[in-house]
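Structural overview for review
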Amino acid sequence: MKILAIETSCDETAIALLEASGGLRAPKFNILKNIISSQVKIHRLWGGVVPNLAKREHSKNLPIIYQKIFEISNFKFQISNLDTICATVGPGLEPALWTGIEFAKQIYKDLKPQNPNLKLVGVNHLEGHIYSFLLTQKTGISNYKFLISKSFPAIALIVSGGHTILLKMDSLTKWKKLGETRDDAVGEAFDKVAKMLGLQYPGGPEIEKLAKKGNQNAINFPRPMINQKNYDFSFSGLKTSVLYYIRDNLSTNNEFNTNIRIGKFETNSLFADIAASFQQAAIDVLISKTIRAAKEFKAKSIMLSGGVAANKQLRKMLKAKSYQLKANFFAPPMQFNTDNAVMIAAAAYINCLRKKNRKISAQANLNL
Ligand code: KG4
Ligand code: ZN
């Protein structure tokens, strides 16, 4: 199945062209083209994503990327061979979602006369993250460690800027939500704490970088809900503890002057300790709940995905804990953790195999 996928749910404009095969038993993806145009530099000036700016940039970038997808020399793919066009329909920023959807509809309208079997489908962005673990560095091969018969039940942890969700998966297509965040998503907490420390958006990679220079045991930040029996999360209290810690320990000696703060930042070991201690508190909660679920449901695999899955400390610790349980550990290659269109194509493939076609209209609050 040849799939053209479009992703515009937040601040990355992405288009990918894939060949998918193998069916539900051994899905594999041959990535023909994968282009992501990031808008972070624009949103960074505002400290976070501005929906209408995102929409404007998507409208500007989509035709340029689409042209690039097909123009590169030696590229033998014929548009008339395309089977499916898909676009993210949610969750995400509504104006941003609409630009991708309208663009997909237009391409579909243009190509349909030459290609009567062409399909247009909507994709749930979160399903894209779930299936991103099927993607491999080398294209065209099935995820070699992924053997359906040995992988389920599995526990999947999806951690992004908008979501923190724990799932029990009985198969690639059947799951039950065990819990989710009751307030901030973990990626959102990374972004907000980064802002408090004068770091730029997106905060996750910045916190990770600074944390390497700090002591994760320096400050005992709370691990919200870690001992509660449910599988829900909460990160708002942790974020507020960091805010109070900064207020109580830094404001008196003028460290809060923004100019001084940013200038001194790299050399300020207290800031590095705050970043490291915050990061560890967040990771401890994520790992504790995931591992408890894995034990309760006798999981054969643990899957990690979403933008925060790019955090190497989280990957390393969850992998080690999974192996202690003799469970497989799956996480996408680094380039497929944060938003991309390849994972959207992968989800479209799985949904087409299940004949589950989602309607193509924006659903900002779509969930799993
Ligand atoms: O999945 P994603 O690209 O977009 C959403 O669907 O939300 O995730 C973006 C989130 C941001 O909050 C960003 O700060 C976080 O992922 N993130 C990280 C890292 N890289 C990205 N968080 C922690 N450590 C990282 N290395
Ligand atoms: Zn995402």
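Heads up: the structure comes first, above all this text.
It should be emphasised that the depicted structure is a prediction, and the values quoted were computed from it without experimental measurement.

1. Topic: the overall build of the protein chain
Across its full length, the protein chain carries 12 helices and 10 strands. Looking at the protein chain residue by residue over its 368 residues, the buried ones come to 53%. Here the contacts in the protein chain between residues at least 6 apart in sequence split such that 75% fall between residues at least 24 apart. A total accessible area of about 16000 Å² is found for the protein chain, and carbon and sulfur atoms account for 52% of it. Each charge sign in the protein chain was given a centre, from 50 positive and 27 negative side chains, and these centres are 7 Å apart.

2. Points about the nonpolar core
If you look at the biggest cluster of nonpolar residues, it comprises 48 residues, and the most contacted ones within it are L197, I207 and F278. Only β6 (154–159), α6 (186–196), α7 (203–211), α8 (236–250), α10 (269–296), β9 (301–305) and α11 (312–324) provide two or more residues apiece to this core. With 15 residues, the single largest contributor to this core is α10. Formed by 39 residues, the second largest nonpolar core is a distinct cluster that contains F133, I158, F336 and Y349.

3. Observations regarding the sheet that holds β6
An order of β8-β7-β6-β9-β10 is seen for the 5 strands of this open sheet, with the pairing classed as mixed. Strands with a single pairing partner mark the edges of an open sheet, and in this sheet they are β8 (175–180) and β10 (328–330). Here the strands of the sheet are splayed against their neighbours by 20 degrees on average, with no regard to which way each runs. By the bridge criterion, 3 bridges tie β9 to β10 in an arrangement that is parallel. By the bridge assignment, I302 is partnered in β10 with F329. Strands in contact with α11 are β6, β9 and β10; relative to β10, the strand with the most contacts, it is inclined by about 160 degrees.

4. Considerations on the coordination of the zinc ion (ligand 2)
Surrounding the zinc ion (ligand 2) are the protein donor atoms H125 (NE2), H129 (NE2) and D339 (OD), at 2.0 to 2.1 Å. On the primary sequence, the residues serving as donors to the zinc ion (ligand 2) are separated as H-x3-H-x209-D. Of the two residues, H125 and H129 are both situated in helix α4 (residues 125–131); the distance of 4 residues between them amounts to about one turn of the helix. On the basis of relative accessible area, H125 is assigned to the buried category, the value being 6%.

5. Points about the pairing of strand β3 (residues 28–38)
Looking at chain direction, strand β2 (residues 12–21) and β3 are connected through 10 bridges and run antiparallel. When the bridges of β3 are listed, S21 appears paired with K28. Hairpin connection between β2 and β3: a loop of 6 residues separates the two successive antiparallel strands, and G22 in this loop has a positive phi of roughly 95 degrees.

6. Description of the side chain of K289
Its place among the elements puts K289 in helix α10. Within the local environment of K289, its side chain forms a polar contact with the backbone oxygen of D232, the two atoms lying 2.9 Å apart. Contacts of K289, omitting those with residues within four sequence positions, involve L166, M225, I226, Q228, N230, Y231, D232 and F233.

7. Remarks on the pairing of β6
Taking burial as the measure, the 6 residues of β6 include 6 buried ones, the bulk of the element. The two faces of β6 match: A154, A156 and I158 on one face and I155, L157 and V159 on the other face are all buried. Bridge count between β6 and strand β7 (residues 164–169): 6 bridges; the pairing is antiparallel. Opposite A154, over in β7, you have M169 as the bridge partner. Hairpin connection, β6 to β7: the antiparallel pair is bridged by 4 residues.

8. Notes on the site of ligand 1
Every one of the 19 residues lining ligand 1 counts as a neighbour, but H129, G161, D191, G204 and E208 are closest to it. Within the backbone of G162, a nitrogen or oxygen atom sits 3.4 Å from an oxygen atom of ligand 1. For ligand 1, whose unbound accessible area comes to 560 Å², protein coverage reaches 90%. Looking at the shell around ligand 1, the elements with two or more residues in it are α4, α6 and α7. Ranked by the residues each element gives to the shell around ligand 1, the list is headed by α7, at 4 residues.

9. Some remarks on the packing of α10 against α11
Where α10 contacts α11, the axes come no closer than 10 Å and their chain directions differ by 30 degrees. Considering the angle they form, α10 stands roughly parallel to α11. In terms of crossing hand, the pair formed by α10 and α11 is right-handed. Along its contact with α10, which presents Q279, Q280, I283, D284, L286, I287, T290 and I291, the element α11 presents Q313, L314, M317, L318, K321 and S322. For the contact of α10 with α11, a count of residues per class yields 7 nonpolar, 5 polar and 2 charged.

10. Focus on the packing of aromatic side chains
Throughout the structure, instances matching the rule amount to 9 aromatic pairs. Centre to centre, the rings of F29 and Y349 are 5.8 Å apart; their planes meet at 85 degrees, and the pair counts as edge-to-face. Pair noted here: F29 is in strand β3 and Y349 is in helix α12 (residues 342–353), with a separation of 320 residues, a long-range link. The same class applies to F29 and to Y349, which are both buried. Clustering of aromatic rings is evident, with ring pairs tying together Y66, F70 and F103.

Calculation rules
- What you see as residue numbers is a count from 1 along each chain, following the sequence as written.
- Working convention: letters from A go to chains and numbers from 1 go to ligands, in the order in which they are written.
- Two thresholds apply to this predicted model, a pLDDT of at least 70 for residue-level local features and 80 or more for giving and counting side-chain atom pairs, whereas whole-chain, interface and lining totals are computed over all residues.
- As a rule here, side-chain values cover all heavy atoms of the structure and leave hydrogens and water aside.
- Segments assigned H or I by DSSP are reported as helices when at least four residues long, segments assigned E as strands when at least two residues long, and all are numbered from the N terminus.
- When a residue's accessible area, from a 1.4 Å probe over protein chains only, is under 20% of the maximum for its type it is buried; when over 50% it is exposed; and in between it is partly exposed.
- Contacts: residue pairs with any heavy atoms within 4.5 Å of one another.
- Areas reported as accessible are Shrake-Rupley estimates using a 1.4 Å probe. Residue values count occlusion only from the protein chains shown.
- When charges are counted, Lys and Arg are positive and Asp and Glu negative, with His and the chain ends excluded.
- The atom standing in for a charge is NZ when the residue is Lys, CZ when it is Arg, CG when it is Asp and CD when it is Glu.
- Here the nonpolar core consists of buried residues drawn from Ala, Val, Leu, Ile, Met, Phe, Trp, Tyr and Cys, with membership extended through side-chain atoms lying within 4.5 Å.
- Pairing between strands is defined by DSSP: at least two bridges between the two strands are required.
- The angle between two axes is taken between their N-to-C directions and runs from 0 to 180 degrees, where each axis is a line fitted to C-alpha atoms and a helix contributes only its stretch in contact.
- Atoms are scored as donors when they are N, O or S and lie within 2.8 Å of the metal, with 3.2 Å used for Na, K and Ca; no water is included, so coordination may look incomplete.
- Each polar contact in these results corresponds to two N or O atoms within 3.5 Å; when the atoms are within protein, one needs to be able to donate a hydrogen and the other to accept it, and residues that are neighboring in sequence are counted only if both atoms are side-chain atoms.
- Residues are classed as near a molecule or strand on a simple rule: at least one heavy atom within 4 Å of it.
- Any angle from 65 to 115 degrees is called roughly perpendicular, while one under 35 is roughly parallel, one over 145 is roughly antiparallel, and all others are oblique.
- Here a crossing is called left-handed whenever its near helix is offset anticlockwise from the far helix by less than a right angle, and right-handed whenever the offset is clockwise.
- Side-chain classes follow a simple rule in which Ala, Val, Leu, Ile, Met, Phe, Trp, Tyr, Cys and Pro form the nonpolar group, Asp, Glu, Lys and Arg form the charged group, and the remainder, Gly included, forms the polar group.
- Pairing of aromatic side chains here covers Phe, Tyr and the six-membered ring of Trp, requires ring centres within 6.5 Å, and sorts the geometry by plane angle: under 30 degrees stacked, over 60 edge-to-face, intermediate tilted.

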